[in-house]
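Listed below are the residues making up each chain.
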Amino acid sequence: MSQPRTIIQKIWDSHVVCQPPGAPALLYIDLHLVHEVTSPQAFDGLRQRGLKVRRPDRTFGTCDHSTPTTPRDLPIVDPIARAQVEQFEKNCREFGIPHFGFQNPRQGIVHVIGPEHGLTQPGMTIVCGDSHTATHGAFGALAFGIGTSQVEHVLATQCLLQAPSKSFAVRVDGRLRPGVTAKDIILALIAKIGVGGGTGCVFEYTGAAIRALSMEERMTVCNMSIEGGARAGLIAPDETTFEFLAGRPFAPKGEAWERAVAFWKSLPTDEGATYDREVSIDASSLEPMITYGTNPGMGIPISAPVPDPAEAPDAVERETRRKALAYMGIEPGKPLTGRPVNVVFIGSCTNSRMTDLRAAATVLRGRKVSPNVRVLVVPGSQSIKRQAEAEGLDRIFREAGAEWREAGCSMCIAMNGDQLAPGEYAVSTSNRNFEGRQGKGGRTFLASPLTAAASAVTGVVTDPRPLLG
Amino acid sequence: MEKFTAFESWVAVLPVDNIDTDQIIPARFLKTTSKEGLGDQLFFDWRYDADGNPRPDFVINRPPGNRAQVLLAGDNFGCGSSREHAPWALTQFGFRAVISTSFADIFKGNALKNALLPIVVPAEIHARLLKMLEADPLAQVRVDLASQTLTLPDGTAVEFPVDSFAKTCLLEGIDELGFLLKHEAEIAAYEQAHPAPVDTLSVKLDA
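Residues numbered from 1 in each chain as written. Chains lettered and ligands numbered in written order. Predicted model: local features only at pLDDT ≥ 70, side-chain atom pairs only at ≥ 80, totals over all residues. Heavy atoms only, no water.

Explanation requested: the overall build of chain A in the structure shown.
A tally of regular secondary structure across chain A gives 15 helices and 19 strands. Overall size of chain A, expressed as C-alpha extent along the three principal axes, is 55 × 55 × 45 Å. Residues counted as buried form 67% of the 469 residues belonging to chain A. Within the structure as shown, chain A displays about 15200 Å² of accessible surface, and the carbon and sulfur contribution to it stands at 51%. Seen as two clouds, the 49 positive and the 48 negative side-chain charges of chain A have centres 2 Å apart. (Helix = DSSP H or I, 4+ residues; strand = E, 2+ residues; numbered from the N terminus. Buried < 20%, exposed > 50% of the residue type's maximum accessible area, 1.4 Å probe, protein only. Areas by Shrake-Rupley, 256 points an atom, 1.4 Å probe, with all protein chains shown as cover. Lys, Arg positive; Asp, Glu negative; His and termini not counted. Charge placed at Lys NZ, Arg CZ, Asp CG, Glu CD.)

What follows is the structure in structure tokens.
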């Protein structure tokens, strides 16, 4: 009888190509996703060495980061962004990589289009030059972000030199109460362990509350693994996973589907397998979460007061928190609810899927957004945009006074024209509240789509629960 | 790649925890398709005021930080995005090492591939070095990768961990992609034995 293994170990073991003496293992990569921002220097590197892309058939591209969310019949106004997107499309054509260019009707955020088309499957190794690649872990894949040097390595060899990570079990038991969402689970985890809490680890999310989540909600959880320091985070595949994948363009068909499902069922962690670290969260005790500071670990239940930096355990952390509150322009000791906001952003690879848009629509239906607030609703892909329009969600958003935009990273990264003005406050469904992340001098409160939509209606930071029918 | 040699340097002190890659280089500078010219954008929003003038009090705008090859930062340095523009900006400014109590995973890997040495020291050493540099901002440290030693201004030698393969690559100037390419036979054998779960060219999607 072999040693019981975690799903993390199983995927690792089946992708080790070889173990050269004195070096990390060569890890084979099943799927490499590329986008316009972190790939151009890697393609240049290939040209300089006269190399080809080894496996264009295991590579897929889309543009999203510097891609504007303005109507697609208009050219990209920013000449630098336009040059980058054009270079991306040219690189993909030259190296034979299938991709969704700027005007492709399926274009979208890289971590949205992969799952949407069935490219993301259980048991795979998936990388992308983007730290939110852990999103794909929702399917029971080992998926992590890499830098541009490694993008070049994978383009050239389909492999990475990689040392194994530690395993970290995140058990989320109990049942979420109404108005509390997947986003609140992950914000609560990061608040609990800190932004460096999972450094060197891969999270495996387990427990009844995780099992009860839809695939889209699981993607929200896995997406923010990196904000807890873990390069990857995954959830063992189950019937929810298989049901989501069935019939998608790249999902196996017929007999191949049966074989795939049988394999996928062998992936979950064996009884008796051990983890290097563990943490538990009781979902039934959670409230909607919101961040008050300048990293995603600075999160609190929405009714709780902003903590006093003086209570921090050491001098550097006290200074870090004091600096964060000064940047945010807020005082400790009071909850954030009732604070005026200028912008509400609903979108990003964390929260731009159908479930997220439907959640926002439940709050915005028949209501108007506050006249003081600019509200952007940005679908994760052009396919999602069409589906939302088919369901009439766009009308709900527009009639409420929100902007309904084209797909892209938008105000999550503020390098595409969508950004905060200096000093502005946003309630945002994205993943990072770093200084200037949503625009130089902009100030971000991270929250769920429900909390964001509720705050859009009132114009102040708002607990969504009283607004839910 | 150039070989990484021992050196002595002044230290730029930035004792803030969780310095993320958006601070190291803001995303709006990532629209470039080149690796060059990023040193001027290092810590841009901390370094320049709203009019684009250097803030005279910011550590890398004044001596000795403007000439330092070593940065002393708070815990969990380099968290956030995977952008390799962060180590590109740091090295183009002139940094060759960053000292912290810990580094974010992706940043650490990116740094090592760009001859930027992440030096992890215990919290107690970090606090001592911070005190020494407060007392004498012109004090120098010595970084010696071969012996994995950081020598503090008072002469204390502190050993630091480095992944042995990364160390060999840095000391001997080995390029990782070259190393990977030498394993063509093993990669081909793996591919032979493991059919692709997904063929991205197999479905022609409507354009």
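Once you've had a look at it, read on.
Would you mind showing me how to read the packing of aromatic side chains here?
The relation between two aromatic rings is expressed through the spacing of the ring centres and the mutual angle of the planes. The full count for this structure, using the stated rule, is 22 aromatic pairs over all chains. Linked through ring pairs, A:Phe60, A:Phe100 and A:Phe250 together constitute an aromatic cluster. The side chain of A:Arg339 reaches across the aromatic face of A:Tyr425, ending 5.5 Å from its centre. A cation over a ring is seen here: B:Arg96 above B:Phe4, with NZ or CZ 5.1 Å from the ring centre. (Phe/Tyr/Trp six-rings, centres within 6.5 Å; stacked < 30°, edge-to-face > 60°. Lys NZ or Arg CZ within 6 Å of the ring centre and 35° of its normal.)

Just to check I follow, could you spell out the side chain of B:Asp144 for this structure?
Residues and elements named next belong to chain B. Note on placement: aspartate 144 falls in strand β6 (residues 141–144). Arginine 142 is the oppositely charged side chain nearest to the buried, salt-bridge-free aspartate 144, at an N-O distance of 4.4 Å. Within the structure, aspartate 144 has its side chain in polar contact with the backbone nitrogen of alanine 146 (distance 3.1 Å). Within the local environment of aspartate 144, its side chain forms a polar contact with the side chain of serine 147, the two groups lying 3.1 Å apart. Setting aside its immediate chain neighbours within four residues, aspartate 144 contacts Ala6, Thr149 and Phe160. (Salt bridge = Lys/Arg side-chain N within 4 Å of Asp/Glu carboxyl O. Polar contact = N/O pair within 3.5 Å; in protein donor to acceptor, adjacent residues only side chain to side chain. Contact = heavy atoms within 4.5 Å.)

So what exactly am I meant to see when it comes to the nonpolar core here?
Nonpolar side chains in soluble globular proteins tend to be buried together. In this structure, A:Phe397, B:Phe43, B:Phe77, B:Leu90 and B:Phe95 are the most contacted members of the largest nonpolar core, which totals 86 residues. Formed by 78 residues, the second largest nonpolar core is a distinct cluster that contains A:Phe88, A:Ala230, A:Ala236 and A:Phe244. (Core = buried A, V, L, I, M, F, W, Y, C linked by side-chain atoms within 4.5 Å.)

Whenever I open this one, empty space enclosed by the protein confuses me. Can you help?
Leftover empty space is mapped by rolling, across the atoms, a probe with the size of a water molecule. All chains considered together, the criterion is met by three cavities of 30 Å³ or more. Computed from the structure, the largest cavity encloses a volume of approximately 190 Å³. Among the residues making up the lining of the largest cavity, the classes are represented as eight nonpolar, ten polar and five charged. As a volume, the second largest cavity reaches approximately 120 Å³. If you go around the second largest cavity, you meet 15 residues; those closest to its centre are A:Thr294, A:Glu435, B:Val16, B:Asp17 and B:Asn18. Counting residues per element, the lining of the second largest cavity draws most heavily on helix α11 (residues 315–328) of chain A, at three residues. (1 Å grid on protein atoms, 1.4 Å probe; cavity = no way out; pocket = protein on both sides within 12 Å on 5 of 7 lines; lining within 4 Å. Points joined across faces, edges and corners; volume = space filled by probe spheres on them. Nonpolar A, V, L, I, M, F, W, Y, C, P; charged D, E, K, R; others polar.)

Even after reading the chapter, I still don't get the sheet that holds strand β4 (residues 97–100) of chain B, so can you show me in this structure?
Picture the strands of a sheet paired through backbone hydrogen bonds; they go either parallel or antiparallel. All names here are of chain B. Spatial ordering of the open sheet is given by β2-β3-β4-β5, a layout of four strands whose pairing is parallel. One side of each edge strand has no neighbouring strand; the edge strands of this open sheet are β2 (11–14) and β5 (117–120). Direction aside, the axes of adjacent strands within the sheet are offset by 20 degrees on average. Bridging between strand β3 (residues 70–73) and β4 involves three bridges; their strand directions are parallel. Residue pairing across strands places leucine 72 opposite isoleucine 99, the latter belonging to β4. Here helix α5 (residues 123–135) sits on the sheet in contact with β2, β3 and β4, set at roughly 115 degrees to β3. (Pairing = 2+ DSSP bridges. Axes fitted to C-alpha atoms, helices over the stretch in contact; angles between N-to-C directions.)

When you look at helix α2 (residues 40–49) of chain A in this model, what are you seeing that I'm missing?
Residues that lie three or four places apart on an α-helix share one face, since the helix turns once every 3.6 residues. Turning to α2(A), its buried residues number three or more, namely A:Pro40, A:Gln41, A:Ala42, A:Phe43, A:Gly45 and A:Leu46. Packing partners of the buried residues in α2(A) comprise α3 (79–95) and α5 (148–157) of chain A together with α3 (85–93) of chain B. Within two residues after α2(A), A:Gly50 carries a phi angle of roughly 70 degrees, on the positive side.

Explanation requested: the pairing of strand β7 (residues 142–145) of chain A in the structure shown.
Strand residues, when the strand is regular, have side chains that alternate between the two faces of the sheet. All names here are of chain A. Burial along β7 is two-sided: Leu142 and Phe144 facing one way and Ala143 and Gly145 facing the other are all buried. Of the pairings in the sheet, the one linking strand β6 (residues 125–128) to β7 comprises four bridges and is parallel in character. In the strand pairing of β7, cysteine 128 is matched with glycine 145.

Explain the interface of chain A and chain B to me, please; I cannot follow it from the model alone.
Listed as interface residues are 83 residues of chain A and, on the opposing side, 64 residues of chain B. Together, the buried faces of chain A and chain B total about 5900 Å²; carbon and sulfur atoms form 61% of this surface. Per-residue buried area on chain A facing chain B is highest for A:Gln41, A:Phe250 and A:Lys440; these three make up 11% of the total on that side. Summed over the shared surface of chain A and chain B, the result is seven salt bridges. Its salt-bridge partner being A:Lys440, residue B:Asp45 comes within 3.7 Å of it at the nearest N-O pair. Applying the counting criterion to the chain A and chain B interface returns 24 residue pairs in polar contact (both at pLDDT 80 or more). Among the elements that line the side of chain A that touches chain B, the one with the most residues is α5(A), at seven residues. Broken down by class, the residue content of the side of chain A that touches chain B amounts to 36 nonpolar, 29 polar and 18 charged. (Buried area = accessible area lost by both parts, 1.4 Å probe.)

Sorry if this is basic, but what is going on with the side chain of A:Arg443 here?
Residues and elements named next belong to chain A. Among the structural elements, arginine 443 can be located in strand β19 (residues 443–446). No salt bridge is formed by the buried arginine 443. Its closest oppositely charged neighbour is glutamate 424, at 9.6 Å. There is a polar contact of 3.0 Å between the side chain of arginine 443 and the backbone oxygen of glycine 423. Look past the residues within four positions of arginine 443 in its chain and what remains in contact with it is Tyr327, Met328, Gly329, Leu420, Gly423, Glu424, Tyr425 and Ala426.

Keep in mind these numbers describe shape, not what the thing actually does.
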